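Descriptive structure summary
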Amino acid sequence: GTPESFYDAVGGEATFTRIVARFYAEVERDEVLRPMYPEPELAAAEERLRLFLIQYWGGPHTYSDQRGHPRLRMRHNPFTIGPIERDAWLRCMRIAVDEERLPEQQRTQLWQYLEMAANSMMNSWV
Ligand code: HEM
């Protein structure tokens with residue numbers, strides 16, 4: 001059969017749901033990130049990131065069914081993302097990923113992607 005996706009290997013939807021929920025619990029009380037979010041509630045943003053990561057790692061394509069091509073750099077253009085914002089984002093995500101207690105190889109694979117993606121989202125160097 002087809003090789004198991006990373007999505008399946010780490011536990012599927014439940015794993016990504018927990019990581020993204022933990023991430024947004026941290027964003028909620030982060031003084032750099034919280035003011036950047038245009039909507040008063042974080043629930044919709046949480047759902048978009050959750051569906052994006054599920055799709056990226058080989059799960060259902062619900063993200064693109066709802067939002068089209070990710071074009072993540074373009075979608076982040078309205079927000080100034082410099083080193084401070086990038087570091088704040090990675091700080092929140094690090095907590096979320098570490099709490100998941102994935103096997104080391106999976107944790108490293110996920111983390112390397114997230115670090116690379118956060119760096120690639122930068123559009124300011126101050
Ligand atoms: C959307 C901030 C990195 C994935 C957003 C939004 C903000 C934001 C303020 C708008 C919230 C909303 O959806 O209404 C940041 C900051 C980052 C960062 C400060 C620091 C580097 C990333 C990374 C990823 C990501 C690394 C993916 C791995 C997304 C997705 C959306 C989003 C999927 C929703 C896009 C859409 O469908 O409209 N981000 N982000 N972000 N971000 Fe980020």
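In the block above lies the structure referred to throughout.
Heads up: these notes are all about the structure in this document. (Residues numbered from 1 in each chain as written. Predicted model: local features only at pLDDT ≥ 70, side-chain atom pairs only at ≥ 80, totals over all residues. Heavy atoms only, no water.)

A few points about the pattern of salt bridges
For the structure shown, the criterion picks out 14 salt bridges. Measuring nitrogen to oxygen at the nearest pair gives 2.8 Å for the salt bridge that ties Arg-22 to Glu-99. Pair noted here: Arg-22 is in helix α2 (residues 13-28) and Glu-99 is in helix α6 (residues 83-99), with a separation of 77 residues, a long-range link. A salt bridge links Arg-48 to Glu-39; the nearest nitrogen and oxygen atoms lie 2.9 Å apart. Arg-48 gets classed as partly exposed once you look at its relative accessible area, which sits at 29%. (Salt bridge = Lys/Arg side-chain N within 4 Å of Asp/Glu carboxyl O. Helix = DSSP H or I, 4+ residues; strand = E, 2+ residues; numbered from the N terminus. Buried < 20%, exposed > 50% of the residue type's maximum accessible area, 1.4 Å probe, protein only.)

Here's the deal with the coordination of the iron atom of the ligand
Put simply, a metal with four donors set out as a tetrahedron has ideal angles of 109.5 degrees, and one with six donors set out as an octahedron has ideal angles of 90 or 180 degrees. There is one protein donor for the iron atom of the ligand, namely His-76 (NE2), at 2.0 Å. Tracing the backbone through its elements, the reader meets His-76 in helix α5 (residues 72-76). (Donors = N, O, S within 2.8 Å, 3.2 Å for Na, K, Ca; no water.)

Looking at the layout of surface pockets
Quantified by volume, the largest pocket comes out at close to 770 Å³. Lining the largest pocket are 28 residues, and of these Tyr-24, Tyr-37, Arg-75, His-76 and Phe-79 sit closest to its centre. Elements with a minimum of two residues in the lining of the largest pocket: α3 (43-56), α4 (62-67), α5, α6 and α7 (104-120). Residue contributions to the lining of the largest pocket peak at five residues, all from α3. (1 Å grid on protein atoms, 1.4 Å probe; cavity = no way out; pocket = protein on both sides within 12 Å on 5 of 7 lines; lining within 4 Å. Points joined across faces, edges and corners; volume = space filled by probe spheres on them.)

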